[in-house]
Each structure stands twice: as structure tokens, then as C-alpha cells.
Amino acid sequence: MDELKLNIDKSLLPKHVAVIMDGNGRWAKSKGMPRVFGHKNGVNAVREICEAAAEIGIEHLTLYAFSTENWNRPAMEVNALMSLLVETIKAEVKTLNDNNIKLNTIGDISHLPEKSKNALEKAINDTSNNTRMILHLALNYSARWEITQATKTIAEKVKNNILQPEDITQEVFASHLNTHNIPDPELLIRTSGEYRISNYLLWQIAYAELYFTPVFWPDFRKANLYEALIDFQGRERRFGKISEQVTPANT
Ligand code: FPP
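All values reported here derive from a predicted model rather than from experimental measurement.

A. Examining the overall build of the chain more closely. When you go through the chain residue by residue, the secondary structure sums to nine helices and six strands. Taking the principal axes of its C-alpha atoms as reference, the chain extends roughly 55 × 55 × 35 Å. Each of the 251 residues in the chain was classed as buried or not, and the buried ones make up 45%. Restricting the contact set of the chain to residue pairs at least 6 apart, pairs at least 24 apart contribute 76%. A total of about 13,200 Å² of accessible surface is found on the chain, and carbon and sulfur atoms cover 51% of it. The positive charge centre, built from 29 side chains, and the negative charge centre, built from 31, are 5 Å apart in the chain.

What follows is the structure, encoded as C-alpha cells:
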């Protein structure tokens, strides 16, 4: 693992890594256990990946913890996920502070159960002075919801003459998203062998490198993050240009 870490070029790190943590249910099923067992073990992966990302120098890490569509799961699983969130947040504030990690959320947390909302708000407040990395939890989040919300806010501003239609640039639109002061993710990781985006950061991932791994989330460890970063660093990011325009001639 240390060798993997040494292969990472610290000067070419993505500033922002976004993750779709998938496969908790299948991981549990493969062990003959209930789905919630998978979520509980998923917390270990969350802890490892936060620590590894902060240690190596990632500035923003966004984890898809609960989508707007996840409310459609059986009530028992939704309740278990909400309780797990509260327990984890409460238990991890100290580790977040020890690692100088600030907590943030994206998504509509106003509709989370009171207990979850309170625990989150307290943790956000208690970690607000940390500077090494920001951990963004996407909670009750979906990209279409976020884009619709931004559109409504902009439409209101136009109606009230605060903004003119010709003022609506990409930058102005992006400034109305939940992620307004976060750089776009340069690397998006999805675990569990699924090749989908699932309504995650649709605007922000326009130029992200996509990395899919068959590893189920509860098994995802530091070494898996290092592999994803090394893979990222081997990609040629052209942003619509041609190879010769982005690759120095002698390399
Ligand atoms: C996807 O696996 C996982 C989730 C919907 C929830 C992720 C939650 C955690 C890792 C635990 C708590 C997190 C935090 C940040 C405290 P799945 O259930 O869709 O798995 P499947 O595709 O195998 O069914």
C-alpha cells in the first residue's frame, strides 16, 4: 500500500473527489446478513477514505450518503440509515477535528428527521474552523432537484428585476447550486461495478474523470483510493482540445 501511495504525484491531485458509495446491500447479502449490516460496515470505509483523502492532500471530498430517491426504500432501512447517520456524526466529530476536517452538507437537510438535522448542524458548527479538507455529505440530494431549485431562484430574481436574462451565464447558474463555493469534482468514483451516475452532481461532473471499481463500498480501503488517484493521473484531460494542445511535446 505504501508503494501505491508513493506512486501518487502530489502536484497532480484532484482538488475535489466525489464518490458514489454503492454495494452495501450486496456486500451484506453475500455474507448472508441483512442490508443494514452493509451500511454499518460502510461507515468503516467512510472513515478510512476521509482519513486517506485528507492525509494525501485532497481539498474536497463529497460522499453520496442519501439521495432523494432513497426515501423509497423500505421504512426500516430508511430509519436505520438515518440512525446510523446520527450515531456516526456524533461519534466522529472528534476524529474530524483531530484530522482538521470540516463538515458540510449538500442537499435538502431541512426534510431530514429532527434528530439527524440537529446532529448535523452541531457537527458542522463544531468543525467549522477546520481547514485541511472539507467533507461534503450529499444528503437528501439529487442533481435534478438541485438544478430545479437553482432555476426557481434565478427565475424569482428575474421576476423581481434583480437579474436580467442576459446576465444568466454558466458562472451565475453555478453560483445558485448547492456547490457554489466548491470547485467541480475532477474525479468521480463509483464502487460496486455499476456504471451509472444516479442523479449525482450532474452539472458539476461535466469534465470529471469517471472511475468505476467492482469493489463493494464496505470493502473500499485506502489502497483502493490510491489506485483511483493513480488511474486519474494517467488520464489525459483534454477539455475539448486535441492531444497536442494539452501534452507538452517532450513528455
Ligand atoms: C449504497 O449501497 C449506499 C447507501 C445508499 C448509503 C450509504 C451510507 C453509508 C455508507 C453509511 C453511512 C454514511 C455516513 C456518511 C455516515 P446500496 O444500499 O445501494 O447497496 P446495493 O446497491 O448493494 O443494494
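B. Geometry of the sheet that holds strand S3 (residues 101–106). As summarised here, the arrangement of the six strands in space is S3-S4-S2-S1-S5-S6, forming an open sheet in which the pairing is parallel. Only two strands of the sheet have a single neighbouring strand rather than two, namely S3 and strand S6 (209–212). Between one strand and the next, the sheet's axes are offset by a mean angle of 20°, whatever the strand orientation. Where S3 and strand S4 (residues 133–141) come together, six bridges link them in parallel fashion. Note that in S4 the partner of Ile-106 across the bridge is Ala-138. In this fold helix H3 (residues 35–56) packs onto strand S2 (60–67), S3 and S4, with an angle of close to 160° to the strand it touches most, S2.

C. Local environment of unusual backbone geometry. With phi around 65°, Asn-161 is a residue other than glycine that occupies positive phi space. Summarising the element assignment, Asn-161 is placed in the loop between helix H6 (143–159) and helix H7 (170–174). A positive phi angle, close to 80°, is found at Ser-192, a residue other than glycine. By secondary structure assignment, the location of Ser-192 is in the loop between strand S5 (187–190) and S6.

D. Structural detail: the pattern of salt bridges. By the definition in use, this model includes 17 salt bridges. Taking the shortest distance from any N to any O, the salt bridge between Arg-190 and Asp-22 comes out at 2.9 Å. Taken together, the residues Arg-190 in strand S5 and Asp-22 in the loop between strand S1 (16–20) and helix H2 (24–30) connect sequence positions 168 residues apart. Across the pair, Asp-22 and Arg-190 agree in class, each one buried.

E. Structural detail: the packing of helix H4 (residues 75–98) against helix H5 (residues 114–126). Relative orientation of the contacting elements H4 and H5 amounts to 10°, with a least axis distance of 9 Å. What the angle tells us is that H4 and H5 run roughly parallel. Note on element contacts: H5 touches H4 through Lys-115, Ser-116, Ala-119, Leu-120, Ala-123 and Asp-126, opposite Met-82, Leu-85, Val-86, Ile-89, Lys-90, Val-93 and Asn-97. Looking at side-chain class alone, the contact of H4 with H5 contains eight nonpolar, two polar and three charged residues.

F. Just the site of the ligand, in detail. As a matter of local geometry, the ligand sits amid 18 residues, with Asp-22, Gly-25, Arg-26, Arg-35 and Arg-73 nearest to it. The separation between an oxygen atom of the ligand and a polar main-chain atom of Asn-24 is 3.1 Å. Separating an oxygen atom of the ligand from a side-chain N or O atom of Arg-35 is a distance of 2.8 Å. For the ligand, whose free accessible area comes to 630 Å², the fraction covered by protein is 91%.

G. Fine view of the pairing of S4. For S4, the tally of buried residues reaches eight of nine residues, placing the bulk of the element in the interior. Looking at chain direction, S2 and S4 are connected through seven bridges and run parallel. Following the sheet pairing, Ser-67 is matched in S4 by Tyr-141.

Procedures and definitions
- Sequence positions are assigned chain by chain, starting from 1 and proceeding in written order.
- Given that the model is predicted, a residue must reach a pLDDT of at least 70 before its local features are reported, and side-chain atom pairs must reach 80 or more before they are shown or counted; all residues, however, enter totals for whole chains, interfaces and linings.
- Hydrogen atoms and water are omitted, and side-chain values are computed over all heavy atoms in the structure.
- The way it works is that DSSP assigns letters per residue, a run of H or I at least four long becomes a helix, a run of E at least two long becomes a strand, and they are numbered from the N terminus.
- Under the scheme applied here, a residue whose accessible area is under 20% of the maximum for its type counts as buried, over 50% as exposed, and between as partly exposed, the area being computed with a 1.4 Å probe on protein chains only.
- When checking whether two residues touch, look at their non-hydrogen atoms; a contact exists if any pair is within 4.5 Å.
- In these tables, accessible area is a Shrake-Rupley quantity obtained with a 1.4 Å probe, and a residue counts as shielded only by the protein chains included in the view.
- We treat Lys and Arg as the positive residues and Asp and Glu as the negative residues; His and chain ends play no part in the count.
- All charge positions are set by atom: Lys at NZ, Arg at CZ, Asp at CG, Glu at CD.
- DSSP calls a pair of strands paired once it identifies at least 2 bridges connecting them.
- The angle between two axes is taken between their N-to-C directions and runs from 0 to 180 degrees, where each axis is a line fitted to C-alpha atoms and a helix contributes only its stretch in contact.
- What makes a salt bridge here is a side-chain nitrogen of Lys or Arg within 4 Å of a carboxyl oxygen of Asp or Glu, nothing more.
- Any angle that is under 35 degrees is reported as roughly parallel, and any over 145 degrees as roughly antiparallel; angles of 65 to 115 degrees are reported as roughly perpendicular and all others as oblique.
- Classification convention: Asp, Glu, Lys, Arg as charged; Ala, Val, Leu, Ile, Met, Phe, Trp, Tyr, Cys, Pro as nonpolar; all other residues, Gly among them, as polar.
- Being near a molecule or strand, for a residue, means having at least one of its heavy atoms within 4 Å of it.
- Polar contact is defined as a pair of N or O atoms within 3.5 Å, subject to the rule that within protein one atom must be able to donate a hydrogen and the other to accept it, and that residues adjacent in sequence are counted only when both atoms are side-chain atoms.

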